[in-house]
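Architecture at a glance
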Amino acid sequence: MSQKQEEENHAEETGEEKQDTQEKEGILPERAEEAKLKAKYPSLGQKPGGSDFLMKRLQKGQKYFDSGDYNMAKAKMKNKQLPSTGPDKNLVTGDHIPTPQDLPQRKSSLVTSKLAGLLLLKGSRNSGKSAGLGVEASG
Amino acid sequence: MAGAGGGNDIQWCFSQVKGAVDDDVAEADIISTVEFNHSGELLATGDKGGRVVIFQQEQENKIQSHSRGEYNVYSTFQSHEPEFDYLKSLEIEEKINKIRWLPQKNAAQFLLSTNDKTIKLWKISERDKRPEGYNLKEEDGRYRDPTTVTTLRVPVFRPMDLMVEASPRRIFANAHTYHINSISINSDYETYLSADDLRINLWHLEITDRSFNIVDIKPANMEELTEVITAAEFHPHSCNTFVYSSSKGTIRLCDMRASALCDRHSKLFEEPEDPSNRSFFSEIISSISDVKFSHSGRYMMTRDYLSVKIWDLNMENRPVETYQVHEYLRSKLCSLYENDCIFDKFECCWNGSDSVVMTGSYNNFFRMFDRNTKRDITLEASRENNKPRTVLKPRKVCASGKRKKDEISVDSLDFNKKILHTAWHPKENIIAVATTNNLYIFQDKVN
């Protein structure tokens, strides 16, 4: 947004949200935040910011352990270490094979939603209702 | 519509809250979508566990003037289950990304629900009578020996306890390589679109083995990928028109009459950015998380990380209105990036008369902006305001400087308590607000 637009929008606001003091000094708060981030992670932003996020987004999904892949990779590597996940577990890279250590917890079994569960127990008008398919309300 | 005034002339009262009280939230219970049907009588929620719960408004209390009907559970079913993509060793989440209702054509109700990969058409029907008095079957279903039948009778329908059944009528699968973020039913009520990160497909509600690809922004070389599709919606009245938003903050309006593949937009809505203001965060916070047409079809609303913008479809170069949702977060972007909150996808909605818009924020706060009076209000969805017809107290966030009494400072905000999904009844001042695992229903004060 342009600076002028930002000023106009501040005028439009009811004044409930106060302006950041840094902005009064002339330094945009965003830039100050960017400086903080670069200080913590110097290597960030070397690649174009866009594609990192986008790749991560496109590859969202829980990876599973494939014992075939794992054992084949172990056999190939022999005594060497298997390439393990980097700090970003979500990024799928060619060499990385999920190991049992990498995997998140197994999901719990399917039960009725808590938004519905309790209410179906009471002797309300809904007592005769049941799901045509899937889980019956119980417990 | 009741309450001609805007978000601030209305006094919002607590009505109901659904869901468990426990602090330890199971992942499956995280609410992922909320949607009223076209009459407002039904309210559907979807969750991360792939379940849909439908609430129905009671009709009885219409006679009593002190409050509108309450919403009670009408039906619940498992819409999607976890699946496995064997080729990629990836799990396909059962989380319901979106629910969209079809307009009612007959006694049954229909809705579309989708997870990352598969869209399903569900039929929800009532059964309040059953046939009794068969000649060849006992009441429990066992067959009778025909030789024992001495007289004949005509089976009759007798009333029974109301039973609501949900059955999947169509399954629209295998059309999306990437993750579905939107579904939208066309005003022709025959077709609908589904959008993933890179493609948009057009379906016919009756046909599951084919869909037409109408937008494809996948580059030939994935290294050149610069933006993804974040949301898409059909125009409420023009069956040939739809829009899709991108991670770069642009909205493209496409006309299906122009060509079969709508890769070339008819209109491009983009607000020019002052290059001197650009920072590392600029693109991330400009990513549009939701786009919604007004009921009139004249305007559309977009939600990016910090603001809500209203666009006039006749003006592409800038929005006509911009509302700051939580501008105080601009000086917290570094930590919001570190804890991933900067990627949270907030939705937004219009009221029935398009005069007020609403969106969620953190700390279980949600915001309403009155387009006419230009006033806004911040309210909180909390079990502390539990008594029915308790008027909600406006909340205030103190960005810096001296914190007044009753204000909450930015650093005290709970960023785990996000309101991503809200819905407004199409005709009345009733709103549904989803916190992580609870559904709140608020109504305006009826005197």
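Residues numbered from 1 in each chain as written. Chains lettered and ligands numbered in written order. Predicted model: local features only at pLDDT ≥ 70, side-chain atom pairs only at ≥ 80, totals over all residues. Heavy atoms only, no water.

All names here are of chain B. Space inside the second largest pocket adds up to approximately 890 Å³. Lining the second largest pocket we find 31 residues, and of these Glu35, His38, Arg100, Glu233 and His295 sit closest to its centre. For the lining of the second largest pocket, the secondary-structure elements that each account for two or more residues are strand 2 (31-36), strand 8 (98-101), strand 12 (182-185), strand 16 (229-234), strand 20 (290-293), strand 24 (348-350) and strand 30 (421-424). If one sorts the elements of the lining of the second largest pocket by residue count, strand 2 sits on top with four residues. (1 Å grid on protein atoms, 1.4 Å probe; cavity = no way out; pocket = protein on both sides within 12 Å on 5 of 7 lines; lining within 4 Å. Points joined across faces, edges and corners; volume = space filled by probe spheres on them. Helix = DSSP H or I, 4+ residues; strand = E, 2+ residues; numbered from the N terminus.)

For the structure on display, the rule yields 34 salt bridges over all chains. Note that B:Arg330 and B:Glu327 form a salt bridge whose closest N and O atoms lie 2.6 Å from each other. For the pair formed by B:Arg330 and B:Glu327, the shared burial category is buried. For B:Lys418, the salt bridge identified is with B:Asp344, shortest N-O distance 2.8 Å. Here B:Asp344 lies in the loop between helix 2 (333-338) and strand 24 and B:Lys418 lies in the loop between strand 29 (407-409) and strand 30, a separation of 74 residues in the sequence. Using a relative accessible area of 15% as the deciding quantity, one classes B:Asp344 as buried. Each of A:Lys114, B:Asp29, B:Asp47 and B:Arg51 takes part in one network of salt bridges that share partners. (Salt bridge = Lys/Arg side-chain N within 4 Å of Asp/Glu carboxyl O. Buried < 20%, exposed > 50% of the residue type's maximum accessible area, 1.4 Å probe, protein only.)

Let us now look at unusual backbone geometry. Only a minority of non-glycine residues have a phi that is not negative, and only a minority of peptide bonds are not trans. Residue and element names in this part refer to chain B. The backbone of Tyr189 sits at a positive phi, close to 60°, despite the residue not being glycine. Tracing the sequence through the fold places Tyr189 in the loop between strand 12 and strand 13 (191-195). Given the relative accessible area of 45%, Tyr189 is considered partly exposed.

With that out of the way, let us pick up the pairing of strand 1 (residues 12-18) of chain B. Residues and elements named next belong to chain B. Within strand 1, six of the seven residues are buried, leaving the element largely enclosed by the surrounding structure. With six bridges joining them, strand 1 and strand 32 (residues 439-444) adopt antiparallel strand pairing. Pairing of Phe14 across the sheet is with Phe442, part of strand 32. (Pairing = 2+ DSSP bridges.)

Okay, the sheet that holds strand 8 of chain B next. Residues and elements named next belong to chain B. One open sheet holds the four strands; their spatial order is 8-9-10-11, and the pairing between them is antiparallel. The sheet is open, and its two borders are formed by strand 8 and strand 11 (156-172), each paired with just one other strand. Strand-to-strand twist across the sheet, computed as the mean angle between neighbouring axes with direction ignored, equals 25°. Of the pairings in the sheet, the one linking strand 8 to strand 9 (residues 109-114) comprises four bridges and is antiparallel in character. Its bridge partner being in strand 9, Arg100 is matched across the sheet by Leu112. (Axes fitted to C-alpha atoms, helices over the stretch in contact; angles between N-to-C directions.)

Topologically, A:Leu28 is positioned in the loop between helix 2 (21-24) and helix 3 (29-40). A:Leu28 sits 31 residues away from A:Gln59 along the chain, and the two C-alpha atoms are 34 Å apart.

Before going further, it helps to spend a moment on the pairing of strand 2 of chain B. Residue and element names in this part refer to chain B. Of all six residues making up strand 2, six are buried, and the element is well covered by its neighbours. Examined bridge by bridge, strand 2 and strand 3 (residues 42-47) share five bridges and lie antiparallel to one another. For Glu35, the partnering residue across the bridge sits in strand 3 and is Ala44. The turn joining strand 2 and strand 3, which pair antiparallel and follow one another in sequence, is formed by five residues; a positive phi near 85° is taken by Gly40.

Further remarks concern the state of the cysteines. If you walk through the whole model with that rule in mind, you get zero disulfides over all chains. B:Cys334 forms no disulfide, and the closest cysteine sulfur to it belongs to B:Cys341, at a distance of 13 Å. (Disulfide = S-S within 2.5 Å.)

So, on to the packing of aromatic side chains. Residue and element names in this part refer to chain B. Scanning all chains against the criterion turns up 22 aromatic pairs over all chains. Plain terms: the ring middles of Phe234 and Phe242 are 6.0 Å apart, the flat faces sit at 75° to each other, and that makes the pair edge-to-face. Here Phe234 matches Phe242 in class, with each residue buried. With a centroid separation of 6.0 Å and an interplanar angle of 80°, the aromatic rings of Phe269 and Trp311 are classed as edge-to-face. Taken together, the residues Phe269 in strand 19 (residues 267-269) and Trp311 in strand 22 (residues 307-312) connect sequence positions 42 residues apart. Accessibility classification places Phe269 together with Trp311 in one group, the buried group. Linked through ring pairs, Phe14, Phe366, Tyr440 and Phe442 together constitute an aromatic cluster. The lysine or arginine in question, Lys137, covers the ring of Tyr134, its NZ or CZ lying 5.0 Å from the ring centre. Positioned above the aromatic ring of Tyr299, the side-chain terminus of Arg371 is 4.6 Å from the ring centre. (Phe/Tyr/Trp six-rings, centres within 6.5 Å; stacked < 30°, edge-to-face > 60°. Lys NZ or Arg CZ within 6 Å of the ring centre and 35° of its normal.)

Another aspect to go through is the side chain of A:Glu33. Mapped onto the elements, A:Glu33 comes out in helix 3. Relative accessible area serves as the criterion here: at 1%, A:Glu33 is assigned to the buried category. In this view, A:Glu33 contacts B:Phe281, B:Arg330, B:Ser331, B:Lys332, B:Leu333, B:Cys334 and B:Ser335; residues no more than four positions away in its chain are not counted. (Contact = heavy atoms within 4.5 Å.)

Right, let's talk about the environment of B:His235 for a bit. Residues and elements named next belong to chain B. Locating His235 in the fold gives a position in the loop between strand 16 and strand 17 (241-246). Once residues lying within four places of it in the same chain are set aside, the contact partners of His235 are Ser187, Thr241, Phe242, Phe293, Gly297 and Leu313. Side-chain polar atoms of His235 contact the backbone oxygen of Gly297, separated by 2.8 Å. (Polar contact = N/O pair within 3.5 Å; in protein donor to acceptor, adjacent residues only side chain to side chain.)

Residue and element names in this part refer to chain B. Counting residues in hydrophobic clusters, the biggest one holds 23 residues, and the most contacted among them are Tyr305, Leu329, Leu336, Ile342 and Leu413. Where this core is concerned, the elements lending two or more residues are helix 1 (282-286) and helix 2. It is helix 2 that provides the largest number of residues to this core, a total of four residues. Leu329 has contacts with Tyr305, Leu306, Leu336, Tyr362, Val410 and Phe415, leaving out every residue within four places of it along the chain. By size, the runner-up hydrophobic cluster in this structure holds 18 residues, among which are Ile10, Phe366, Leu379 and Tyr440. (Core = buried A, V, L, I, M, F, W, Y, C linked by side-chain atoms within 4.5 Å.)

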